[in-house]
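Descriptive analysis of the structure
The chain contents come next:
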2 protein chains.
Amino acid sequence: MIFNKTTEYALTILGFMATRNENVYSAEYLHQQLNIPRRYLRRLLTDLASHGFLKSSSGRNGGFIFAQALKEINLAMVINKLEGSDAVNNCILGFSCCVVDKPCIMHESWMEARSKMVETLTNTTLADLKEKYQMDLRKILN
Amino acid sequence: MIFNKTTEYALTILGFMATRNENVYSAEYLHQQLNIPRRYLRRLLTDLASHGFLKSSSGRNGGFIFAQALKEINLAMVINKLEGSDAVNNCILGFSCCVVDKPCIMHESWMEARSKMVETLTNTTLADLKEKYQMDLRKILN
DNA sequence: CTTAAATACTATAAAAAGGTAGTAATATAT
DNA sequence: ATATATTACTACCTTTTTATAGTATTTAAG
């Protein structure tokens, strides 16, 4: 499982938008480029706007743009907003009773695994993805 | 999200069984100890048996025991069996087209994060959990 | 001012995951 | 043999997640 489909979609959208250079992205355009179900994607875009990642403009020539600088948005932020609170921070066993001073059996192994993952996700911003994308492009051209 | 509830339950059950010293564990007993819904837990135990982690014996005094040595069962195995195929090995974006020679934008960041996690989960066996549990017990007693 | 291209809102449908119920089958103790 | 404690199987119900539909609203072009 790892992440919900909705979260995957959100990362896909933001990742795509971050690496291209359009002025504005309409839902229809993103749908065609990314193959995410049309109506579901629209709602998700609205959500991403209400979460503060995107800004929407209605009407003709409207669409979505980033509401923040790319370097301000990291992958962990997106995941946390979409999975609700701290999906990534929970005990692997979902034990509400599993806390630092009374950990469950798997606590230690899982914390180690998880914290590495969270660290990477937190350290990766959309700006990093853009940079990587452009570097890859240059490699292909040379 | 990270893992399904079913996967959490499975890890809880196996972790519990690994750290205690009963001869056999009935569904009813596990239900009382672990607070997993009675009927759902039963089905899950049957599944764990058919996946080869447990062996069941019917009838009076029946129940479940491990079908393999504790050191042969690691957390990644359990997760993979329950989440179906390779949940943990998928692209973060769920792109079927994302493969090593044509990776998606987030491939690299995600692979790094994920592989750390998979490594820990693969290296942690039920025998390790048992050992850790007994060490913790000794600490409390001293 | 009308039309067209867009987002916004709300309700509903479909699919998947989680959970329950009934009954059959099995095996042990007495 | 019978009663009891157990798992096994199958069908169904509930909740959550994913997806669709209809209609209203916004805005720019012509």
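Residues numbered from 1 in each chain as written. Chains lettered and ligands numbered in written order. Predicted model: local features only at pLDDT ≥ 70, side-chain atom pairs only at ≥ 80, totals over all residues. Heavy atoms only, no water.

1. So, the overall build of chain A
How we decide: Helix and strand labels come from DSSP, where a helix needs a run of H or I of at least four residues and a strand needs a run of E of at least two; each type is numbered from the N terminus. Three exposure classes are used, based on accessible area relative to the maximum for each residue type with a 1.4 Å probe and protein chains only: buried under 20%, partly exposed in between, and exposed over 50%. Any two residues having at least one pair of non-hydrogen atoms within 4.5 Å are treated as being in contact. Each accessible area value is a Shrake-Rupley result obtained with a 1.4 Å probe; residue values ignore everything except the protein chains displayed when judging cover.
Looking only at helices and strands, one finds six helices and two strands in chain A. With 142 residues in all, chain A has 44% of them scored as buried. Taking as baseline every contact in chain A between residues at least 6 positions apart, the subset at least 24 positions apart corresponds to 59%. Accessible surface, chain A: about 7700 Å² in total, of which carbon and sulfur atoms supply 48%.

2. A few points about the protein's contact with DNA strand C
Going by this rule: Any residue with a heavy atom lying within 4 Å of a molecule or strand is counted as near it. Polar contacts here mean pairs of N or O atoms no more than 3.5 Å apart (in protein, one a potential hydrogen donor and the other a potential acceptor; neighbouring residues in sequence count only if both atoms are side-chain atoms). Each residue is assigned to one of three groups, with Ala, Val, Leu, Ile, Met, Phe, Trp, Tyr, Cys and Pro labelled nonpolar, Asp, Glu, Lys and Arg labelled charged, and all others, Gly among them, labelled polar.
Surrounding DNA strand C, one finds 25 residues, the nearest of these being A27(A), S56(A), T6(B), R39(B) and G59(B). A distance of 3.2 Å separates a base oxygen of DNA strand C from a polar atom in the backbone of G59(B). Here a base nitrogen of DNA strand C and a backbone polar atom of R60(B) are 3.5 Å apart. Among the elements of the structure, α3 (38–50), β1 (54–57) and β2 (63–66) of chain A together with α1 (5–19) and α3 (38–50) of chain B are those that each provide at least two residues to the surface near DNA strand C. Of the residues contributing to the surface near DNA strand C, the split by class is five nonpolar, 13 polar and seven charged.

3. As for the environment of A18(A)
Residues and elements named next belong to chain A. With respect to the secondary-structure elements, A18 resides in helix α1 (residues 5–19). For the pair A18 and T125, spaced 107 residues apart in the sequence, the C-alpha separation amounts to 9.8 Å. Those residues in contact with A18 that lie beyond four places of it in its chain are F66, L70, L126 and K130.

4. Regarding the protein's contact with DNA strand D
In the vicinity of DNA strand D, 25 residues are found, and the nearest of them are T6(A), R39(A), G59(A), A27(B) and S56(B). The protein-proximal atoms of DNA strand D, defined as those within 4 Å of the protein, are 59% sugar or phosphate. Here a base oxygen of DNA strand D sits 2.6 Å away from a polar atom, N or O, in the side chain of R39(A). Contact distances for DNA strand D include 3.1 Å between a base oxygen and a backbone N or O atom of G59(A). Among the secondary structure elements, those contributing two or more residues to the surface near DNA strand D are α1 and α3 of chain A together with α3, β1 (54–57) and β2 (63–66) of chain B. Here the surface near DNA strand D is built from residues that sort into five nonpolar, 13 polar and seven charged.

5. Thoughts on α3(A)
Every α-helix winds through 3.6 residues per turn, so residues three or four apart in the chain are directed the same way. Residues and elements named next belong to chain A. For clarity, the threshold we go by: How far a helix is expected to stretch is found by multiplying one less than its residue total by 1.5 Å. What the arc covers is the set of directions going from the helix axis to the C-beta atoms.
In a regular helix each residue adds 1.5 Å, so 13 residues correspond to 18 Å; α3 covers 19 Å between its end C-alpha atoms and thus fits that length. Those residues of α3 that sit buried are L41, L44, L45 and L48. Down the axis, α3 shows its buried residues gathered within 105° of arc, on one side only. Those residues of α3 that are exposed and angled more than 90 degrees off the buried face are R39, R43 and S50. Note on α3: the residue one or two positions beyond its end, G52, has a positive phi of about 90°.

6. Side note on the pairing of β2(B)
The side chains of a regular strand alternate, residue by residue, between the two faces of the sheet. Which entries qualify depends on this criterion: Strand pairing is assigned whenever DSSP identifies at least 2 bridges connecting the two strands.
With four bridges joining them, β1(B) and β2(B) adopt antiparallel strand pairing. Counted as the bridge partner of S57(B) is G63(B) from β2(B).

So yeah, pure geometry; function would need other evidence.
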